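# Topology and contacts: notes
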Protein chains: 2
Amino acid sequence: MPTLRIALAQDNPTVGDLKGNAAQIRSSARRAFDAGADLLVTGELSLCGYPVEDLALRHTFIQQCKEDLLRLAADLEAEGLGPLPVTVGYLDADGPLGEVDHPTEGSRGIRNALALVHEGKVVFRYYKHHLPNYGVFDEDRYFVAGHNLDLARIGGVDIAFTICEDMWQQGVPFEAARQAGAGLVVSSNASPYERGKADERSRLLQRRAASTECPIAYLNVVGGQDELVFDGDSRIVDTEGGLVANGSRFAEDLVVADLDLKEAGEFGDLANLSAGTPMSVTRHDLSDAPRADKGALPPVELRPTLSPHQEVWEALRTGLADYVRKNGFKSVLFGLSGGIDSAVTAVLAADALGAEQVWSVAMPSQFSSQHSLDDAADLAERTGINHTVEPVQPIVDAVLSQLALSGLALENLQARTRGVLLMAMSNQHGHLVLAPGNKSEYAVGYSTLYGDSVGGFAPIKDVPKTLIFELAKWRNEHAERNGETAPIPENIISKPPSAELRPDQKDSDSLPDYDVLDRILDLYVDGDVGRADLVERGYDPDLVERVTGLVDGAEYKRRQTAPGTKISAKSFGRDRRLPITNRFRG
Amino acid sequence: MPTLRIALAQDNPTVGDLKGNAAQIRSSARRAFDAGADLLVTGELSLCGYPVEDLALRHTFIQQCKEDLLRLAADLEAEGLGPLPVTVGYLDADGPLGEVDHPTEGSRGIRNALALVHEGKVVFRYYKHHLPNYGVFDEDRYFVAGHNLDLARIGGVDIAFTICEDMWQQGVPFEAARQAGAGLVVSSNASPYERGKADERSRLLQRRAASTECPIAYLNVVGGQDELVFDGDSRIVDTEGGLVANGSRFAEDLVVADLDLKEAGEFGDLANLSAGTPMSVTRHDLSDAPRADKGALPPVELRPTLSPHQEVWEALRTGLADYVRKNGFKSVLFGLSGGIDSAVTAVLAADALGAEQVWSVAMPSQFSSQHSLDDAADLAERTGINHTVEPVQPIVDAVLSQLALSGLALENLQARTRGVLLMAMSNQHGHLVLAPGNKSEYAVGYSTLYGDSVGGFAPIKDVPKTLIFELAKWRNEHAERNGETAPIPENIISKPPSAELRPDQKDSDSLPDYDVLDRILDLYVDGDVGRADLVERGYDPDLVERVTGLVDGAEYKRRQTAPGTKISAKSFGRDRRLPITNRFRG
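Residues numbered from 1 in each chain as written. Chains lettered and ligands numbered in written order. Predicted model: local features only at pLDDT ≥ 70, side-chain atom pairs only at ≥ 80, totals over all residues. Heavy atoms only, no water.

- Named according to an unreviewed UniProt entry, chain A is Glutamine-dependent NAD(+) synthetase originating from Salininema proteolyticum.
- UniProt, in the comment section headed Catalytic activity (unreviewed entry), describes chain A in these words: "deamido-NAD(+) + L-glutamine + ATP + H2O = L-glutamate + AMP + diphosphate + NAD(+) + H(+)". (UniProt positions renumbered as here; feature names shortened; annotations may be inferred.)

Here's what the structure looks like:
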């Protein structure tokens with residue numbers, strides 16, 4: 001059996017940053033080459049970043065992608081790395097992208113493409129076959145599917161190349177790879193993190209390896225990009241699904257492993273093997289002979305798995321760190337109230353950016369308790385983040401001397417005055433403001449629009465309140481296990497949550513207990529379980545009516561976006577229709 | 001030739017309001033029946049509203065749609081309207097919608113459906129064939145395509161039924177209708193308004209009627225729904241494309257016309273006619289004999305066309321009016337600065353809701369000019385809207401006594417203090433806040449996040465500044481033509497635009513002249529013309545660099561959303577993943 005040394009570049013690209021991403025690929029290629037690799041795999045759309053969204057519809061951007069792919073191939077060759085075959089993910093298009101009569105974007109022939117570059121040239125361009133169009137994915141909007149599978153013969157082994165969703169769907173292209181007698185299938189991914197996805201991914205790889213009858217080299221990118229976070233977790237599995245080597249979670253890595261692979265058969269049976277599938281197969285011969293012996297690699301050390309809480313923490317930390325960096329900020333600012341949400345936000349920020357880049361401010365009103373101020377100061381002391389106090393009461397009083405306000409209007413006023421102070425400090429000093437709201441609050445509208453929801457990034461917006469408490473406890477225990485000071489004062493974790501916007505206010509005045517609320521939200525929002533089914537599962541009908549009514553109807557929710565009437569085909573009405581980056585200069 | 005009396009119900013449904021929409025359909029059916037109609041056509045998804053977005057993924061909602069369709073059929077029968085065949089748009093699904101392993105939503109078999117109900121029963125269920133997935137459309141995300149065309153024989157004429165995009169694409173199903181010998185094709189639409197779309201639609205109808213060799217009854221809904229506005233403009237055209245009857249623009253209407261139509265041929269050639277197309281055809285026999293003579297209708301009076309400016313004005317007015325009503329508000333509130341944007345917003349609001357429901361407030365800072373205050377008061381006087389003055393300087397001073405601010409931070413502080421006052425008044429009195437920003441400003445980030453961008457609805461967010469001026473002039477002239485007072489003081493139109501956030505500030509200090517800016521924005525944002533191409537078209541390279549840099553990189557833009565790290569498959573990260581209405585109780 002021929003042996004091949006496969007390298008996976010678990011890099012962290014930035015959407016739109018063609019030059020920076022190309023530099024990453026060249027750096028990984030250098031290290032893979034020096035390690036004696038016979039093939040380097042990079043991520044899905046590694047040259048332009050993922051998710052590329054509406055940049056995919058700008059013809060100047062696609063043109064630049066195509067040109068930069070050729071430049072990258074030439075650069076690799078010029079640097080002496082030409083002998084190493086490297087996959088590069090990029091945007092392609094069949095022809096010039098002109099105006100179309102009726103803008104069925106698919107008809108413009110834009111492709112989610114993988115090129116294999118070798119000796120300064122592009123050997124082939126594979127176009128992703130399965131285009132996901134659910135959840136966070138919108139690929140039917142941008143791309144048309146490819147229907148040809150490319151195999152490259154490298155060191156006497158036929159290697160098939162696929163992109164992300166291609167592996168998640170049964171049938172072709174993996175079935176075509178099996179019929180073509182592939183000795184290895186490469187899967188290049190930008191697969192967003194979800195809780196529990198590592199296990200799902202691992203099981204899927206086992207199944208696909210078994211059904212395809214060959215090992216799989218699965219490469220996933222890493223890092224935060226806008227809302228998404230990629231967890232790495234690249235894996236090389238053998239035909240039985242056994243883990244040969246893997247990449248770190250939430251950190252860049254270069255995975256290198258030697259694989260004994262099935263020797264390629266004769267050419268010439270292409271017509272037969274593609275029969276019965278809607279996919280043709282093209283073979284490319286790079287090197288027919290087994291490669292020379294390179295000696296054995298040091299034994300591969302498998303990367304450790306993470307506990308469930310550590311995994312979530314690392315996802316949140318990575319998402320925050322990369323959002324700040326990729327958007328050109330260095331430091332963050334937020335209100336530190338002494339409550340659990342801003343406490344967890346503070347520790348996440350310190351872990352992500354270093355305490356010296358974290359600026360917190362307590363902004364007490366007349367209803368703020370002394371223990372809240374003390375707890376906030378205690379946390380700042382423990383973590384070393386910057387901390388100041390700016391009372392809002394004088395500003396609140398200035399508004400009240402002008403307008404007669406009561407009830408909710410008065411509560412919201414305090415939160416909004418804090419928003420004004422945060423944005424003023426942000427404008428003056430250049431910090432990115434963080435919004436410390438959690439998923440439970442946002443779901444039921446228990447937050448103040450333009451108040452505590454102010455900010456450019458909401459690190460824990462997708463974390464239910466009960467999980468916030470668990471993460472706080474886990475982070476403290478994690479510190480203690482490492483002989484460090486627990487960052488979060490115990491009182492912040494144990495006291496009942498309160499917005500402190502009126503005397504003796506508690507969250508429980510307005511909301512059910514968070515453990516009940518979060519269970520209902522999980523079922524109703526994430527689980528698509530309707531009202532009648534919730535009652536059938538034993539939840540109190542009044543409670544179900546109240547919670548689902550809050551979710552559906554919260555006035556704040558309705559006001560949280562400012563839609564307006566569209567009068568042209570393209571408008572600024574939907575975020576993704578905005579040019580999303582200034583990093584591309586096409 | 002048999003004569004049929006065709007009625008089109010140009011109604012204004014609300015997304016999620018199944019009961020209200022069913023009542024609309026019953027009311028239109030009553031009027032059509034009383035007018036002697038042989039067929040009533042209602043809009044695309046007339047029972048559940050359009051765009052239904054993520055409600056389409058809730059199985060309880062689809063179940064309710066299916067049940068309410070049957071109830072509607074029974075109600076029509078019970079009311080004595082059973083003999084009138086009525087099309088009803090609704091959501092269908094092939095079977096129970098359970099959890100799916102891998103959430104390719106298409107695999108759940110959800111359908112954008114049209115049912116023909118007659119005599120208390122559903123005659124057939126047609127599933128939309130062409131699913132648009134570009135621009136404002138996301139139908140590949142929600143629906144699977146149908147591949148069967150239904151023909152109903154009514155009064156001896158074979159009528160084919162299609163939905164919206166089905167007409168915009170060449171080939172089937174219109175080609176299948178031609179081959180099947182249809183005497184009439186019905187096209188049921190929810191087709192959003194764009195500038196110039198009426199002409200495009202008219203030309204398309206001519207082409208399709210000619211190629212299909214029969215008349216077309218085209219029904220479009222009317223009214224605002226979230227960001228979209230539907231303009232009505234229903235049309236019945238003969239085989240030559242001549243306009244037989246039409247519906248109003250931007251107003252509910254019932255179009256009734258008598259058509260002489262081709263007599264249906266024999267059944268039995270279904271196998272042949274569907275050959276060569278990927279679509280089967282099913283025929284349903286409601287009434288083979290020509291219907292009894294009903295006497296002639298009074299001559300049809302064609303609805304007038306609108307001038308380009310009136311058309312845009314009506315679109316903006318309709319979008320605003322329906323957003324307010326459909327979200328349960330009665331009144332609106334906004335800052336009236338004395339500038340052109342808030343002036344146009346004020347007049348639009350008065351036209352949409354009546355002056356007594358419109359609340360405007362001038363909020364001068366130390367940099368506000370007396371002429372601005374005078375102009376605002378003058379406009380309020382002319383239009384009869386409510387108007388008060390609330391100075392912000394004391395609140396600004398209270399902040400400044402606490403924080404040392406300068407430059408942009410100081411400018412933004414004034415705008416944000418106004419946002420606080422508006423939201424406080426909104427909370428206290430229940431008005432919906434309007435954000436009066438225009439498209440040019442938003443595109444280049446020339447607005448203050450949480451300041452003048454505060455609001456639940458931005459009526460003119462898609463209107464370039466130059467068009468704002470044109471609309472202001474048109475509205476004044478329109479008033480004068482009708483012998484009314486011009487609502488907008490001439491000085492508001494003629495003075496140079498200024499944000500008045502520092503001494504002697506002018507927009508032209510920061511931005512190119514709006515006529516140049518708007519031309520570049522149109523090319524760069526809407527036209528996908530890149531930097532190099534703009535320079536080639538004769539625009540100054542520095543200007544191109546500056547404007548496109550503002551569009552791509554405006555710091556405000558980057559901060560205008562607060563994304564956060566997603567850690568679950570569904571989250572609140574994308575608006576459309578939110579339950580969008582409290583009007584559905586499934």
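Now that the structure has been shown, we can carry on.
### Re the sheet that holds strand β7 (residues 157-163) of chain B
Residue and element names in this part refer to chain B.
- Spatially, seven strands are ordered β13-β12-β9-β8-β7-β6-β15 in an open sheet, and the strand pairing comes out mixed. At either margin of the open sheet sits one strand with a lone partner, and together these are β13 (243-246) and β15 (280-285). Taken over all neighbouring pairs, the strand axes of this sheet differ in orientation by 20° on average, direction set aside.
- The sheet contact formed by strand β9 (residues 216-220) and strand β12 (residues 235-237) spans three bridges and is antiparallel. Its bridge partner lying in β12, Tyr218 is registered against Arg235. (Pairing = 2+ DSSP bridges. Helix = DSSP H or I, 4+ residues; strand = E, 2+ residues; numbered from the N terminus. Axes fitted to C-alpha atoms, helices over the stretch in contact; angles between N-to-C directions.)

### Some details on the UniProt feature "binding site: deamido-NAD(+)" (unreviewed entry) in chain A
- UniProt records the feature "binding site: deamido-NAD(+)" (unreviewed entry) for Asn412, Glu441 and Lys557 of chain A in the present numbering.
- Setting aside residues no more than four positions away along its own chain, Glu441 of chain A makes contact with Asp341, Tyr446, Ser447, Asp452 and Lys465 of chain A. (Contact = heavy atoms within 4.5 Å.)

### Describing the domain arrangement of chain A
All names here are of chain A.
- Taken domain by domain, chain A holds domain 1 (3-285) and domain 2 (308-558).
- Between the C-alpha centres of domain 1 and domain 2 the distance comes to 39 Å.
- On the side of domain 2, 14 residues touch domain 1, which itself brings 15 residues to the contact.
- Together, the buried faces of domain 1 and domain 2 total about 1,100 Å²; carbon and sulfur atoms form 49% of this surface.
- On the domain 1 side of the interface with domain 2, the three residues burying the most area are Arg195, Asp226 and Phe250, jointly 40% of the side's total.
- Applying the counting rule to domain 1 against domain 2 returns two salt bridges.
- In this structure, the connection of domain 1 to domain 2 is made through nine residue pairs in polar contact (both at pLDDT 80 or more). (Domains from an automatic or database assignment. Buried area = accessible area lost by both parts, 1.4 Å probe. Salt bridge = Lys/Arg side-chain N within 4 Å of Asp/Glu carboxyl O. Polar contact = N/O pair within 3.5 Å; in protein donor to acceptor, adjacent residues only side chain to side chain.)

### Here's the deal with helix α6 (residues 197-212) of chain B
Residues and elements named next belong to chain B.
- Between the first and last C-alpha of α6 there are 22 Å, a value that for 16 residues agrees with the 22 Å anticipated at 1.5 Å per step.
- Lys197, Ala198, Arg201, Leu204, Leu205, Arg208, Ala209 and Thr212 are the residues of α6 that are buried. Down the axis of α6, the sector holding all buried residues measures 130°, keeping them to one side.
- Where α6 is buried, its residues meet α4 (165-168), α5 (174-179), β8 (184-189), β9, β11 (228-231) and β12. (Expected span 1.5 Å × (residues − 1). Buried < 20%, exposed > 50% of the residue type's maximum accessible area, 1.4 Å probe, protein only. Arc of directions from axis to C-beta.)

### So, the sheet that holds strand β17 (residues 358-362) of chain A
All names here are of chain A.
- A sheet is described by the order of its strands in space; here four strands give the open sequence β18-β17-β16-β19, paired in parallel fashion. In this open sheet, the two strands that pair with only one neighbour each are β18 (386-389) and β19 (432-433).
- Both strand β16 (residues 332-335) and β19 contribute to a ladder of two bridges, which runs parallel. The partner of Leu333 across the bridge, within β19, is Val433.

### Focus on the side chain of Asn220 of chain B
Residue and element names in this part refer to chain B.
- Following the sequence through the fold, Asn220 ends up in strand β9.
- Its relative accessible area of 0% is what places Asn220 among the buried residues.
- Separated by 2.8 Å, the side chain of Asn220 and the backbone nitrogen of Ser191 make a polar contact.
- Dropping the residues within four chain positions of it, Asn220 is found in contact with Gln10, Asn189, Ala190, Ser191, Arg201, Asp231, Gly232 and Ser234.

### Some remarks on the packing of helix α8 (residues 308-326) of chain B against helix α14 (residues 465-481) of chain B
Residues and elements named next belong to chain B.
- At a closest axis distance of 10 Å, the pairing of α8 and α14 adopts a crossing angle of 100°. Relative to α14, the element α8 is oriented roughly perpendicular. Of the residues in α14, those in contact with His309, Gln310, Val312, Trp313 and Leu316 of α8 are Leu467, Glu470, Leu471, Trp474, Arg475 and His478.
- The residue makeup of the contact of α8 with α14, split by class, is six nonpolar, three polar and two charged. (Parallel < 35°, antiparallel > 145°, perpendicular 65-115°, else oblique. Nonpolar A, V, L, I, M, F, W, Y, C, P; charged D, E, K, R; others polar.)

### Comments concerning the packing of aromatic side chains
- Counted according to the given criterion, the structure contains 15 aromatic pairs over all chains.
- On the basis of an interplanar angle of 75° and a centroid distance of 5.4 Å, the ring pair of Tyr193 of chain B and Phe250 of chain B is categorised as edge-to-face. With a gap of 57 residues between them, Tyr193 of chain B in the loop between β8 and α6 and Phe250 of chain B in the loop between β13 and β14 (253-260) connect regions that are remote in the sequence.
- With relative accessibility at 2%, the residue Tyr193 of chain B sits in the buried group.
- When its relative accessible area of 5% is taken as the criterion, Phe250 of chain B is described as buried.
- Between the NZ or CZ atom of Arg58 of chain A and the centre of the ring of Tyr524 of chain B, over which it lies, the distance is 4.2 Å. (Phe/Tyr/Trp six-rings, centres within 6.5 Å; stacked < 30°, edge-to-face > 60°. Lys NZ or Arg CZ within 6 Å of the ring centre and 35° of its normal.)

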